[in-house]
Amino acid sequence: MSLELVCPAGTPAALRAAVDAGADTVYCGFRDCTNARNYPGLNFDPDEMAEGVAYAHRFGRKVLAAVNTFPRAGDARPWHDAIDNAARANVDAVILADIGVLDYAATKHPELRRHLSVQASASNELSIAYYRDRFDIRRVVLPRVLSVEQVAALVRRIGIETEVFAFGSVGPMSEGRCFLSSYITGLSPTSEGACAPASHVSYKEDGPETLSRLGEVTLNRFSHGEPAAYPTPCKGRYVTHGRTSYLFEEPIALNAIDILADLQAAGVTALKIEGRQRSRAYVTEVVGSFRQAIDALDRGQGGAVENTLASVAEGQRQTHGAYTKGWR
Amino acid sequence: MQRSRPLAAATLSLIPSPVLARLTVLLNRAMRRRHPRLVANFARLDPAVVHVFPSDLPHRFAIEFGGGKMDVRVLRETGAGAAPDAEIRGNLMALIDLLEGRIDGDAMFFSREIEITGSTAVIVAVRNTLDREEILISDEIAAIFGPLERPARRIALRVDTAISRARARIAAIHARLHEADAPARDLSAETDALRAEVKALKTRLAKLDVRQTRADSAATGAP
Amino acid sequence: MTNTINGKLTLGPLLFHWTPEARRDFYARIADEAEVESVYFGEVVCSKREPFSEKDNEAIIARLEAGGKQVVRSTLALMTLDREVAAARALAESGVLVEANDVACLQEVSGRPHVIGPYINVFNEGSQDVLIRGGAVRIVLPVEATAATVRVLASRSAVETELLVFGRQPLSVAMRCYHARSHELTKDSCQFVCGQDPDGLAADTIDGTSLLTINGTQTLSNGYLVLLRELAALRGMGVTHFRLSPQHVDMVAVARTYRAVLDHAITPEEAAGDLAALTAETPWQNGFLHGREGLAWVESELSPA
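Note that the structure is a prediction, hence the values are computed from the model and not measured. Counting from 1, residues in each chain are numbered in the order their sequence is written. To label them, take the chains in the order written and letter them from A, then take the ligands in the order written and number them from 1. Confidence filtering applies because this is a predicted model: local features only for residues at pLDDT of at least 70, side-chain atom pairs given and counted only at 80 or more, and all residues used for totals across whole chains, interfaces and linings. Excluding hydrogens and water, the side-chain values take into account all heavy atoms of the structure.

Undergrad: Requested: an account of the overall build of chain B, with residues and values cited.
TA: Along chain B, the regular secondary structure elements total nine helices and five strands. Segments assigned H or I by DSSP are reported as helices when at least four residues long, segments assigned E as strands when at least two residues long, and all are numbered from the N terminus. In chain B, the succession of α and β elements from N to C terminus is α-α-α-β-β-β-β-α-α-β-α-α-α-α. Among the 223 residues that make up chain B, the fraction classed as buried is 52%. Long-range pairs, those at least 24 residues apart, make up 71% of the contacts in chain B between residues at least 6 apart in sequence. Split by element, the accessible area of chain B, about 10700 Å² in all, is 57% carbon and sulfur. Buried, partly exposed and exposed residues are distinguished by accessible area as a fraction of the type maximum, computed with a 1.4 Å probe on protein chains only: under 20%, between the cut-offs, and over 50%, respectively. We call two residues contacting when some pair of their heavy atoms lies within 4.5 Å. Computed with a 1.4 Å probe, the accessible areas rest on the Shrake-Rupley method; for each residue, only the protein chains presented here act as cover.

Undergrad: Describe the pairing of strand β8 (residues 201-205) of chain C, with residues and values.
TA: Pairing between strand β11 (residues 238-240) of chain A and β8(C): two bridges, direction antiparallel. Bridging across to β8(C), A:Val239 finds its partner in C:Asp204. One ladder, built from four bridges, connects β8(C) with strand β9 (residues 210-215) of chain C; its direction is antiparallel. Pairing of C:Asp204 across the sheet is with C:Ser210, part of β9(C). The hairpin turn running from β8(C) into β9(C), its antiparallel successor, is four residues long, and C:Gly208 in that turn takes a positive phi close to 85 degrees. Note on pairing: two strands pair once DSSP finds at least 2 bridges between them.

Undergrad: Give me the state of the cysteines: which residues, what numbers.
TA: One covalent bond between the sulfur atoms of two cysteine residues makes up a disulfide. Cysteine sulfur pairs qualify as disulfides if the two atoms are within 2.5 Å. For the structure shown, the criterion picks out zero disulfides over all chains. Its sulfur unpaired, A:Cys234 is 6.1 Å from the next cysteine sulfur, which belongs to A:Cys195. Judged by relative accessible area, A:Cys234 falls into the buried class, the value being 13%. For C:Cys190, which is in no disulfide, the shortest distance to another cysteine sulfur is to C:Cys177 and amounts to 5.9 Å.

Undergrad: Any details on the interface of chain A and chain B? Residues and values, ideally.
TA: With 33 residues of chain A at the contact, the number on the chain B side is 25 residues. Across the chain A/chain B interface, buried area totals approximately 2300 Å², and carbon plus sulfur atoms make up 45% of it. The rule for a salt bridge is simple: a side-chain nitrogen of Lys or Arg has to be within 4 Å of a carboxyl oxygen of Asp or Glu. At the junction of chain A and chain B, the tally comes to six salt bridges. Among the ionic pairs, A:Asp45 bridges to B:Arg44, the shortest N-O distance being 3.1 Å. Pairs of N or O atoms are called polar contacts if they sit within 3.5 Å, as long as, within protein, a hydrogen donor faces a hydrogen acceptor (for residues adjacent in sequence, only side-chain-to-side-chain pairs). Joining chain A to chain B, the criterion identifies 14 residue pairs in polar contact (both at pLDDT 80 or more). Counting residues per element, the ones that place at least two in the side of chain A that touches chain B are α1 (12-21), α2 (46-58), β8 (201-206) and α10 (280-298) of chain A. Partitioning the side of chain A that touches chain B into residue classes produces 15 nonpolar, ten polar and eight charged. Accessible area, probed at 1.4 Å, shrinks when two parts are joined; the buried area is that loss added up over both. Amino acids are sorted into nonpolar (Ala, Val, Leu, Ile, Met, Phe, Trp, Tyr, Cys and Pro), charged (Asp, Glu, Lys and Arg) and polar (every other residue, Gly among them).

Undergrad: Explain the packing of aromatic side chains to me, using residue names and the numbers behind them.
TA: Ring pairs (aromatic) are described by centroid distance and by the angle formed between their planes. Stacked, edge-to-face and tilted labels apply to pairs of Phe, Tyr and Trp rings (six-membered ring for Trp) whose centres lie within 6.5 Å, assigned for plane angles under 30 degrees, over 60, and everything in between, in that order. Applying the stated criterion to the full structure yields 19 aromatic pairs over all chains. Seen in terms of ring centroids, A:Tyr55 and A:Phe59 are 5.0 Å apart; in terms of plane orientation they differ by 55 degrees. Their pairing is tilted. The class for A:Tyr55 is buried, based on a relative accessible area of 16%. Both rings, one in A:Phe70 and one in C:Phe123, keep their centres 6.3 Å apart while their planes meet at 65 degrees; by these two values the pair is edge-to-face. Of the two residues, A:Phe70 is situated in the loop between β3 (62-67) and α3 (77-88) and C:Phe123 in the loop between β5 (114-116) and α5 (125-133); the pairing between them involves two chains. With a relative accessible area of 5%, C:Phe123 lands in the buried category. Put simply, the rings of C:Trp18, C:Phe26, C:Tyr27 and C:Phe41 pair up and form one aromatic cluster. Our definition puts a charge over a ring when NZ of Lys or CZ of Arg is within 6 Å of the ring centre and also within 35 degrees of the ring normal. Note that B:Arg89 overlies the ring of B:Phe53, its terminal NZ or CZ placed 4.2 Å from the centroid.

Undergrad: Give me the environment of C:Gln247: which residues, what numbers.
TA: Residues and elements named next belong to chain C. One can find Gln247 in the loop between β11 (241-244) and α9 (251-262). As for Gln247 and Ala148, which are separated by 99 residues in sequence, their C-alpha atoms are 28 Å apart. Setting aside its immediate chain neighbours within four residues, Gln247 contacts Phe16, Trp18, Phe166, Gly167, Arg168, Asp199 and Tyr224.

Undergrad: Any chance you could break down the domain arrangement of chain A for me, citing the residues and the numbers?
TA: Residues and elements named next belong to chain A. These domain limits were set by an automatic method or by a database of domain assignments. Domain annotation for chain A reports domain 1 (4-170 + 252-323) and domain 2 (180-246). Domain 1 and domain 2 are separated by 26 Å when their C-alpha centres are compared. Every contact between the two is made by 15 residues of domain 1 and, on the other side, 15 residues of domain 2. Both faces combined, the contact of domain 1 with domain 2 buries some 980 Å², and carbon together with sulfur accounts for 48% of it. Counting across the interface, domain 1 meets domain 2 through one salt bridge. Among the ionic pairs, Arg72 bridges to Glu192, the shortest N-O distance being 3.6 Å. Remark: the boundary between domain 1 and domain 2 carries seven residue pairs in polar contact (both at pLDDT 80 or more). Looking at the side of domain 1 that touches domain 2 residue by residue, the class counts come to six nonpolar, six polar and three charged.

Undergrad: Explain the sheet that holds strand β9 (residues 209-214) of chain A to me, and be specific about the residues and the numbers.
TA: Residue and element names in this part refer to chain A. The strand order across the open sheet built from three strands is β8-β9-β10, with neighbouring strands paired in antiparallel fashion. Sheet topology places β8 and β10 (217-223) at the edges, where each strand pairs with a single neighbour. Averaged over all adjacent pairs, the angle separating strand axes in this sheet is 25 degrees, with direction ignored. Each axis is a line fitted through C-alpha atoms, and for a helix only the stretch in contact is used; angles between axes span 0 to 180 degrees, taken between their N-to-C directions.

Undergrad: Talk me through α10(A); I want residue IDs and the actual numbers.
TA: Residue pairs three or four apart in sequence face the same way in an α-helix, which turns once every 3.6 residues. Helix span is expected to be 1.5 Å times the residue number reduced by one. Under the 1.5 Å per step criterion, the end-to-end length of α10(A) is 26 Å for 19 residues, consistent within 8% with the ideal 27 Å. Where α10(A) terminates, the next one or two residues include A:Gly300, which has phi positive at roughly 80 degrees.

Undergrad: Residue-level account of the pattern of salt bridges, with values.
TA: Taken as a whole and assessed by the stated rule, the structure comprises 48 salt bridges over all chains. As a salt-bridge pair, B:Asp71 and B:Arg32 come within 3.4 Å of each other at their nearest N and O atoms. Separated by 39 residues along the polypeptide, B:Asp71 in strand β3 (residues 69-75) and B:Arg32 in helix α2 (residues 17-34) bring together distant segments of the chain. Several salt bridges converge on common partners, so that one network encompasses A:Glu4, A:Arg113, A:Arg139, A:Glu161, A:Glu163 and A:Lys272.

Undergrad: Tell me what's going on with the nonpolar core, and back it up with residues and numbers.
TA: Residues grouped as a nonpolar core are buried Ala, Val, Leu, Ile, Met, Phe, Trp, Tyr and Cys residues, joined through side-chain atoms within 4.5 Å. Core analysis: the largest hydrophobic core is formed by 207 residues, its most contacted members being A:Tyr131, A:Phe290, C:Leu244 and C:Tyr258. Per-element accounting of this core gives the leading share, eight residues, to α10(A). Residues from two domains meet in this core; each of domain 1 (4-170 + 252-323) and domain 2 (180-246) of chain A gives at least three. A:Tyr131 has contacts with A:Ala97, A:Ile99, A:Leu102, A:Leu116, A:Ala120, A:Ala122, A:Asp136, A:Ile137 and C:Val103, leaving out every residue within four places of it along the chain.

Undergrad: Report on the packing of α1(A) against α2(A), specifying residues and quantitative values.
TA: For any two helices packed against each other, the geometry is given by the interaxial angle and the distance between the axes. All names here are of chain A. Closest axis-to-axis distance for the α1/α2 pair is 10 Å, and the angle between their directions is 10 degrees. When the interaxial angle is binned, α1 and α2 end up roughly parallel. Packed against α1, whose contacting residues are Pro12, Leu15, Arg16, Val19 and Asp20, the element α2 presents Glu48, Gly52, Tyr55 and Ala56 at the interface. Angles below 35 degrees are treated as roughly parallel, those above 145 as roughly antiparallel, those between 65 and 115 as roughly perpendicular, and all remaining angles as oblique.

Undergrad: Any chance you could break down the environment of C:Glu33 for me, citing the residues and the numbers?
TA: As for its position among the elements, C:Glu33 is in helix α1 (residues 20-33). Spatially, the C-alpha atoms of C:Glu33 and C:Arg256 are 9.3 Å apart, while their sequence positions differ by 223 residues.

Undergrad: Any details on the pairing of strand β3 (residues 70-74) of chain C? Residues and values, ideally.
TA: Residues and elements named next belong to chain C. Sheet topology places strand β2 (residues 38-41) next to β3; four bridges connect them, and they run parallel. The residue of β3 that forms the bridge with Phe41 is Arg73. Seen with its strands pointing away from the viewer, a crossover is right-handed if its path from the first strand over the helix to the second goes clockwise. Note that the unit made of β2, helix α2 (residues 57-66) and β3 has a crossover that is right-handed. A crossover links β3 with its parallel partner strand β4 (residues 98-100), the connecting element being helix α3 (residues 82-93), and its sense is right-handed.

Undergrad: Just give me the short version of the sheet that holds β3(B), but keep the residues and values in it.
TA: In any sheet, the strands associate via hydrogen bonds between backbone groups, in a parallel or an antiparallel arrangement. Residue and element names in this part refer to chain B. Ordered by their spatial adjacency, five strands build an open sheet running β3-β2-β1-β4-β5, and the pairing between neighbours is mixed. Sheet topology places β3 and β5 (114-118) at the edges, where each strand pairs with a single neighbour. Taking the axes of each pair of neighbouring strands and ignoring which way they run, one obtains an average angle of 15 degrees across the sheet. Note: strand β4 (residues 86-90) against β5, five bridges, orientation antiparallel. Across the sheet, Arg89 pairs through a bridge with Glu115, a residue of β5. Each of β2 (60-66) and β3 is contacted by helix α3 (residues 36-43), which is oriented at about 95 degrees to β3, the strand it contacts most.

Pasting the structure below:
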């Protein structure tokens, strides 16, 4: 089986770009707090979602709707609407994280295929089995914390499809339950859908250097031209033992393009490209490269594709992340 | 497609300020006609004003959006008025890259070519909203001046590298043109006048280009 | 001994890697002296720490129970290794009352009474209902919960609701060990450097502001969550259990102070004076509950309704 290429779309134009560049599947979210990339100007209204689905289906591709944040108490309506609108738009599956939202979708739209979002942080066979047995999830998006061997073991045991991250931001924290951004800004990624919301991000020139700040907290200082990441708390520099370092994660991007054969051998169903907040140009470039790599793999020419993605990688540097030894 | 940028940048930088002001009026109309969704998408953002300063033009632009409307205006040098929520500075080429969706949201804050001040949320909203629409600035100019389109594309294919070296001369021409101010006219007359002016500019550009190509050939010894 | 009408105090799991001696002494004193109803016991952060003091567990549990405490066995917050999953499964099957901190446990304890720990997201009625149907008898709300969330969930809950009211706020768990990274080591070769910092390792911003505390793979707040003035309102909302998270301070005295406030024996202001003497230089925080950034300290009261 060929690896399914699952690509991000923050806008209808990016959805078309992803389809045109060879995505098998495109994932996107609605224009509100119901998805984990709730940034201003991004995402789809219900009509745009339906049009995007129609466009993808015309080319035989799929669209997944991410409804992967956690409803606030007393205010589940936007999340329920998102599920209903996704079903109405004829999406091929919804990507969910909250137990209550999963329950709603499974009850109200049993025929609508359900995937478990990485925001549910299901990192082992028992967790995945819990969601599989109760909400009939058909695919799990695995957290970016597992080695290829661990992925292979999970695939053998869980009996449902797996989707793994192949390119994009490296999330060192267990996702869906990281409260660092809300600790600093008061706005919760889990319920507002934005880690390091743009409203709280600022940049300040400081002589030859730039300071990036989140709320009242200085997260980084870098000189012009030095690679730096968008100031999420886990990509900042901190001081421990009097020494300054990227304590959690360097400005670096996950890129698994040269270990696709290993992931395929592990039994992975789908490869996920991260980056709904990135540009159309990013989508076109990354999707195109992965399309080539997967096609080459299918022809028995794995590793034949040159890795040319450094320029779009965060911080222009790349890692295999947890897939290979040494990252932890 | 990327080859259209130098031409578009050159064309814009050749246009004198009063003409540009009127051009902006036309651009607003064309934008509404050709990109109603873009206008609608800007209109549904939280209200904000962004000033754009192309470093190689003596003008700046104000983009006002949100609360159900969107407008682009050319600001007078000494234009007062409310402080913008955010400012974007950069050379025309970089700004056209931004407009045409080639600059990544994350990357744009670290780019040395574009400088951003003010509200990050407003800038992110602008970039994401622009990214929703496939825009080619050369097409927008062509759409206003119809007949220009084909020659413009032909020239675009040839001037790519030459034009940056011709930039100094263009700047000189621009400075001269900029001194001319035209009295107010009605819109159709204005359009005709603009067509004529741009045609003249285009011819000038083509001549520059030919001269540059010749110079290039001589330099490389090509036949 | 304790007044259950005014709310119960619990002691959360020890999050830090203390020496076996320190751990034994700590729990002995808790068993004998602390006015807490329940004690959560077990390694939450890193399974590599467990072999150090495993041999003491049985005796500690017996002593806590002899001291009249309900012992709830806490699980890891993030499990990826087979042996970690196997241990959780075995614990669940043993029939003890478990605090599930990873959804993995729910697969095993469903249908039997268990506690939902603060590392499982319960932010809304939908997830609360599913978990209660699955056998949860107590739900510890996530540290990020606002008063609005607590009010809705605690007031409607058919089971007990618990909230952290003292200690560093757990902000994230990860696969990477940041303690090891701070020593330029990796998790696999960590030399158990987290043991050097019994109250965690300070991680400051580059301009020298205190911000976070590192505890192995876990990231905590630099300050202690202190909810004293809010206790009465929380009780009014229906919160039944108030959790104190063990820090390297006199936890028996901390428990005594909170107990006195719950019992209206002293005012929150008097309690704050007592507590300040115990917590020394560590700043206090309560922003999350007030709908603010978690690092904030808000002086105003919660409305009781």
